[in-house]
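A look at the structure
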Amino acid sequence: MDKSAFELGRVHQLLEPGPVLLLATAGTQRPNVMTLSWQTMVAFDPPLVACVLSARDFSFAALQRDGECTLNIPGAELASQVVGCGNCSGRDTDKFTAFGLTPRPAERVAAPLIDECDASLECRVVDSGMVARYGMFIVEVVRAWRRGNGPERMLHHAGWGVFRVSEETLRLPSAMR
Ligand SMILES: Cc1cc2nc3c(=O)[nH]c(=O)nc-3n(C[C@H](O)[C@H](O)[C@H](O)COP(=O)(O)O)c2cc1C
């Protein structure tokens, strides 16, 4: 693998822009992946992320059962795969094969890392208290990987097939880490 370990205390820097993610689960027959835009950081150390999944998603049951997933941050060049993974279900489709994505073994969880994504976070569910009401899983990032300085052009979902791509970087004297 050509990714190096990324400091857990900086994981929020990867997620703060709220990019569209690919959430991968191990599955019982084969690994699966879904598109997820409803996510946010909720704590720095350890890094906790809230992920909102519909109970209709095949991935919802997998995450409930396994208590593990990976959150993978795709660059804009993966836009068609991102939309594809969000438009069909792992119940009847092998999405890794269908969309040419490569599962790689993670270090701390059974769910795979997606090689084509420039950053990948290995996560464990630590709080299911809001799952029944909101479909909100609180996951802890237990290992994080990043390729180079990527991802530099992240996708942001504006609904109904509209995506914005983050490209410009501003450096300002902000006091927030
Ligand atoms: C851009 C985009 C963003 C999405 N965001 C979410 C989300 O935040 N939560 C969710 O439950 N589904 C979201 N979806 C829909 C799921 O990805 C979709 O229902 C998918 O088919 C679920 O796959 P699965 O059944 O294999 O788990 C999104 C879809 C797209 C295209």
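To keep things clear, this report deals only with the structure shown in the data block.

1. Some thoughts on helix 3 (residues 79-86)
Among the residues of helix 3, those classed as buried are Q81, V82, G84 and C85. Buried residues of helix 3 fall within an arc of 165° about the axis and therefore sit on the same side. On its buried face, helix 3 sits against strand 2 (21-25), strand 3 (32-36), helix 4 (95-98) and strand 11 (154-157).

2. Overview of the site of the ligand
Near the ligand, the surroundings consist of 20 residues, among which D57, S59, C88, S89 and G90 are the closest. Interatomic distance of 2.8 Å between a side-chain N/O atom of N32 and an oxygen atom of the ligand. Relative to its unbound accessible area of 650 Å², the ligand is 84% covered by the protein chains. Elements with a contribution of two residues or more to the shell around the ligand: strand 3, helix 2 (58-66) and helix 3. Examining the composition of the shell around the ligand, we find that four residues originate from one element, strand 3, more than from any other. In terms of residue class, the shell around the ligand is made up of nine nonpolar, nine polar and two charged.

3. Observations regarding the packing of aromatic side chains
Under the defined criterion, the tally for this structure stands at one aromatic pair. Ring centres of F60 and F137 lie 5.3 Å apart, and the angle between their planes is 70°; this geometry places the pair in the edge-to-face category. Taken together, the residues span a long stretch of sequence, with F60 in helix 2 and F137 in strand 10 (residues 136-146) at a distance of 77 residues. By relative accessible area, which is 1% here, F137 ends up buried. The ring of F44 has R177 sitting right over it, with the charged end atom 3.9 Å from the ring centre.

4. Describing the environment of R56
Relative to the helices and strands, R56 resides in the loop between strand 5 (48-52) and helix 2. Along the primary structure R56 and V20 are separated by 36 residues, whereas in three dimensions their C-alpha atoms are 19 Å apart.

5. Quick look at the pattern of salt bridges
What the rule picks out here adds up to nine salt bridges. For R177, the salt bridge identified is with D45, shortest N-O distance 2.8 Å. Remark: D45 occurs in the loop between strand 4 (39-43) and strand 5 and R177 occurs in the segment after strand 12 (163-166); sequence separation between them is 132 residues. Its salt-bridge partner being R104, residue D115 comes within 3.5 Å of it at the nearest N-O pair. Here D115 is found in the loop between strand 8 (113-114) and strand 9 (119-130), whereas its partner R104 is found in strand 7 (residues 103-104), with eleven residues between them in sequence. Among the residues examined, D115 registers a relative accessible area of 16% and is labelled buried. Classification of R104 as partly exposed rests on a relative accessible area of 36%. Residues joined in a network through salt bridges with shared partners are D2, R104, D115, D118 and R147.

6. Focus on the nonpolar core
It is characteristic of soluble globular proteins that their nonpolar side chains tend to be buried jointly. By size, the foremost hydrophobic cluster in this structure holds 24 residues, and its most contacted members are L23, L36, L53 and L71. Going through the elements one at a time, strand 2, strand 3, strand 5, helix 2, strand 6 (68-73), strand 9 and strand 10 are the ones with two or more residues in this core. Core analysis: the next-biggest nonpolar cluster, separate from the first, contains 13 residues, V33, F96, L101 and I114 among them.

7. Regarding the pairing of strand 9
Sheet analysis places strand 6 next to strand 9, joined by six bridges and oriented antiparallel. Opposite N72, over in strand 9, you have S120 as the bridge partner.

Thresholds, definitions, all that
- Residues numbered from 1 in each chain as written.
- Predicted model: local features only at pLDDT ≥ 70, side-chain atom pairs only at ≥ 80, totals over all residues.
- Heavy atoms only, no water.
- Buried < 20%, exposed > 50% of the residue type's maximum accessible area, 1.4 Å probe, protein only.
- Helix = DSSP H or I, 4+ residues; strand = E, 2+ residues; numbered from the N terminus.
- Arc of directions from axis to C-beta.
- Contact = heavy atoms within 4.5 Å.
- Near = heavy atom within 4 Å.
- Polar contact = N/O pair within 3.5 Å; in protein donor to acceptor, adjacent residues only side chain to side chain.
- Areas by Shrake-Rupley, 256 points an atom, 1.4 Å probe, with all protein chains shown as cover.
- Nonpolar A, V, L, I, M, F, W, Y, C, P; charged D, E, K, R; others polar.
- Phe/Tyr/Trp six-rings, centres within 6.5 Å; stacked < 30°, edge-to-face > 60°.
- Lys NZ or Arg CZ within 6 Å of the ring centre and 35° of its normal.
- Salt bridge = Lys/Arg side-chain N within 4 Å of Asp/Glu carboxyl O.
- Core = buried A, V, L, I, M, F, W, Y, C linked by side-chain atoms within 4.5 Å.
- Pairing = 2+ DSSP bridges.

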